[in-house]
Amino acid sequence: MPGPSVLHDFNHARFVPGAGGFYESWFQRANHPSQPLAFWIRYTVFSPASDPNAAIGELWAVRFDSRAGHSAAKSEWPLARSRFSRDRLDVQIGESVLADGKLRGAANSGGRRIAWDLGYEGGQGPLLLMPPGLYARGFPRAKSLVGVPNCIYRGWIEVDGQRTAVDGWQGSQNHNWGVRHTDAYAYGQVCGFDDAADSFLEVATGRLRIGPWWTPRMTPVVLRHAGREYAFNSLLQSTLRARGRYGLFHWDFASKQGAVRIEGRIEAPREAFIGLRYANPPGGSKHCLNTKLARCELRLRQEDGREVILRAEQRAAFEILTDDPGHGVAIRA
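Just so it is clear, the model here is predicted, and its values are computed rather than measured.

Asker: So what exactly am I meant to see when it comes to empty space enclosed by the protein here?
Answerer: Regions of empty space are outlined by a rolling probe, equal in size to a water molecule, passed over the atoms. By the definition in use, this model includes two cavities of 30 Å³ or more. Each pocket or cavity is described by its volume, and for the largest cavity that value is around 600 Å³. Lining the largest cavity are 28 residues, with Leu129, Ala142, Ser144, Thr182 and Ala204 positioned closest to its centre. For the lining of the largest cavity, the secondary-structure elements that each account for two or more residues are β1 (22–31), β2 (37–47), β11 (142–159), β13 (184–193), β14 (196–207) and α1 (235–240). A volume near 50 Å³ is recorded for the second largest cavity. What lines the second largest cavity is simply Tyr23, Arg42, Thr44, Phe46, Glu58, Trp60, His181, Tyr278 and Ala279. For the lining of the second largest cavity, the elements supplying multiple residues, two or more each, are β2, β3 (56–65) and β22 (274–279).

In structure tokens, the structure reads:
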């Protein structure tokens, strides 16, 4: 697959049945326009390296609600009950479906059921967290992109029979895949800032382990603001001209390109997070600490020296992937 084609087949499945050591996910997320409410729904295929015949489809769902409490559920289905199209966005896991502009389904675990019937429209063109050519290469081993930034969701999400209407929630449709998870990372996304509804941020800080050694931190940043895309995401830029430092619940990052500088902070209290267990294709598992109700403050210095400050008080995505079990966040799915 030539690199530039990723802009045209960004949502097509990369998974090949029978291939072991692979994961692929399409996740959808959105925030209520004014209340601390959000959802995150993930359709996944997981194939362990040790046994490709044990590949499964997974459904994950979280409703974030800082007032009533967060809810999570996960279902697993045999690959024979799943479909992942390689020429369009067409995913089916059990009876749950995902296609361009719509998703419907349910996940059940631990006595909890989360169901959804949602449509999305509008938004911007695909956003690549890496340069296009890297999507066709073996490094990095995990790929990520935003299929539809800043789209608008309508429909409903239901937790144990209690339905929440979704009307005008702003969010994104996303796609990621790889042969193993990034060994340690922080990931952030803002779909519309409080005073800049059309602006969009995608950022990560990650490290890879190669044998006993760790790579330097890599911090790609892509910001769309005021009709312009600032893509600070080449390997050289992300490694040598950027910085990213994070703890369990806070993260500072910055990148500079010529006279343009982006620096920001994403943070949330422990109670804003929900814990998820991600199986890793080579074996073992990781803990993902996940919230969609974080705060982000971003400072953009432009070529002419002017500075813009963008804030999202309760609508930033913030995820930490870790092996450290001492984070104190309950694993819910």
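Asker: Help me out: how do you make sense of the environment of Asp252 in this one?
Answerer: Summarising the element assignment, Asp252 is placed in strand β20 (residues 250–257). Between the C-alpha atom of Asp252 and that of Leu298, which follows or precedes it by 46 residues, the distance is 9.9 Å. Leave out the neighbours within four places in its chain, and Asp252 touches Arg243, Gly244, Arg245, Gly264 and Arg265. Only 2.6 Å separates the side chain of Asp252 from the side chain of Arg265, close enough to count as a polar contact.

Asker: Would you mind going over the nonpolar core with me for this structure?
Answerer: Nonpolar side chains tend toward joint burial in soluble globular proteins. Phe39, Ile41, Tyr43, Leu103, Trp116 and Tyr153 are the most contacted members of the largest nonpolar core, which has 47 residues in total. Counting residues in hydrophobic clusters, the runner-up holds 30 residues, among them Val221, Tyr230, Trp251 and Ala312.

Asker: How should I be thinking about the layout of surface pockets in this particular structure?
Answerer: Considered as a void within the structure, the largest pocket measures approximately 240 Å³ in volume. Lining of the largest pocket is provided by 16 residues; of these, Arg14, Phe22, Tyr135, Lys143 and Trp177 occupy positions nearest its centre. Partitioning the lining of the largest pocket into residue classes produces seven nonpolar, three polar and six charged.

Asker: It is not clear to me how the pattern of salt bridges should be interpreted in this structure. Could you clarify?
Answerer: Any two side chains of opposite charge can pair, so long as their charged atoms come close to each other. All chains considered together, the criterion is met by 26 salt bridges. Put simply, Arg311 and Glu297 hold a salt bridge, and the shortest N to O gap is 3.0 Å. Taken together, the residues span a long stretch of sequence, with Arg311 in strand β24 (residues 307–322) and Glu297 in strand β23 (residues 285–301) at a distance of 14 residues. On the basis of relative accessible area, Glu297 is assigned to the partly exposed category, the value being 24%. Linked through salt bridges whose partners overlap, the residues forming this network are Asp252, Arg265, Glu267, Arg295, Glu297, Arg311 and Glu313.

Asker: Which parts of the structure should I look at to understand the side chain of Lys292?
Answerer: Turning to its location among the elements, Lys292 is positioned in strand β23. Taking the relative accessible area as the measure of exposure, Lys292 reaches 0% and is therefore buried. A distance of 2.4 Å separates the side chain of Lys292 from the side chain of Asn290, its partner in a polar contact. A polar contact is formed between the side chain of Lys292 and the side chain of Glu319, at a distance of 3.1 Å. Contact partners of Lys292, with chain neighbours within four places excluded, come to Arg29, Asn31, Ala38, Trp40, Phe64, Gln314, Arg315, Ala316, Ala317 and Glu319.

Asker: Honestly, unusual backbone geometry in this entry has me stumped. Any pointers?
Answerer: What you tend to see is this: most non-glycine residues have negative phi, and most peptide bonds are trans. Cis peptide bonds are those with omega within 30 degrees of zero, and the linkage from Phe139 to Pro140 qualifies with -5°. Checked against the element boundaries, Pro140 lands in the loop between β10 (127–128) and β11. At Ala226, a position not held by glycine, the phi torsion is positive, near 55°. Tracing the backbone through its elements, the reader meets Ala226 in the loop between β17 (221–225) and β18 (228–232). With a relative accessible area of 69%, Ala226 lands in the exposed category.

Asker: Hey, could you run me through the side chain of Glu158 in this one?
Answerer: Turning to its location among the elements, Glu158 is positioned in strand β11. A distance of 3.0 Å separates a polar atom in the side chain of Glu158 from a polar atom in the side chain of Arg163.

Asker: Looking at this structure, how should I read the pairing of β3?
Answerer: Each regular strand displays side chains that alternate between the two surfaces of the sheet. For β3, a buried count of 10 out of 10 residues is recorded, marking the element as mostly surrounded by other parts of the structure. Here β3 shows a buried face lined by Ile56, Glu58, Trp60, Val62 and Phe64 and a second buried face lined by Gly57, Leu59, Ala61, Arg63 and Asp65. When β3 meets strand β4 (residues 71–78), the two strands line up antiparallel, connected through eight bridges. In the strand pairing of β4, Trp60 is matched with Lys74.

Asker: I'm lost on the packing of aromatic side chains in this one. Help?
Answerer: Aromatic ring pairs are reported here in terms of the distance separating the ring centres and the angle at which the planes meet. For the coordinates displayed, the defined rule picks out 13 aromatic pairs. The interplanar angle of 80° and the centroid separation of 6.2 Å between the aromatic rings of Tyr43 and Trp116 together place this pair among those described as edge-to-face. On the criterion of sequence distance, the pair formed by Tyr43 in strand β2 and Trp116 in strand β9 (residues 112–121) is long-range, its members being 73 residues apart. Take Tyr43 and Trp116: they sit in the same class, and that class is buried.

Quick notes on the rules
- Residues numbered from 1 in each chain as written.
- Predicted model: local features only at pLDDT ≥ 70, side-chain atom pairs only at ≥ 80, totals over all residues.
- Heavy atoms only, no water.
- 1 Å grid on protein atoms, 1.4 Å probe; cavity = no way out; pocket = protein on both sides within 12 Å on 5 of 7 lines; lining within 4 Å.
- Points joined across faces, edges and corners; volume = space filled by probe spheres on them.
- Helix = DSSP H or I, 4+ residues; strand = E, 2+ residues; numbered from the N terminus.
- Contact = heavy atoms within 4.5 Å.
- Polar contact = N/O pair within 3.5 Å; in protein donor to acceptor, adjacent residues only side chain to side chain.
- Core = buried A, V, L, I, M, F, W, Y, C linked by side-chain atoms within 4.5 Å.
- Buried < 20%, exposed > 50% of the residue type's maximum accessible area, 1.4 Å probe, protein only.
- Nonpolar A, V, L, I, M, F, W, Y, C, P; charged D, E, K, R; others polar.
- Salt bridge = Lys/Arg side-chain N within 4 Å of Asp/Glu carboxyl O.
- Pairing = 2+ DSSP bridges.
- Phe/Tyr/Trp six-rings, centres within 6.5 Å; stacked < 30°, edge-to-face > 60°.

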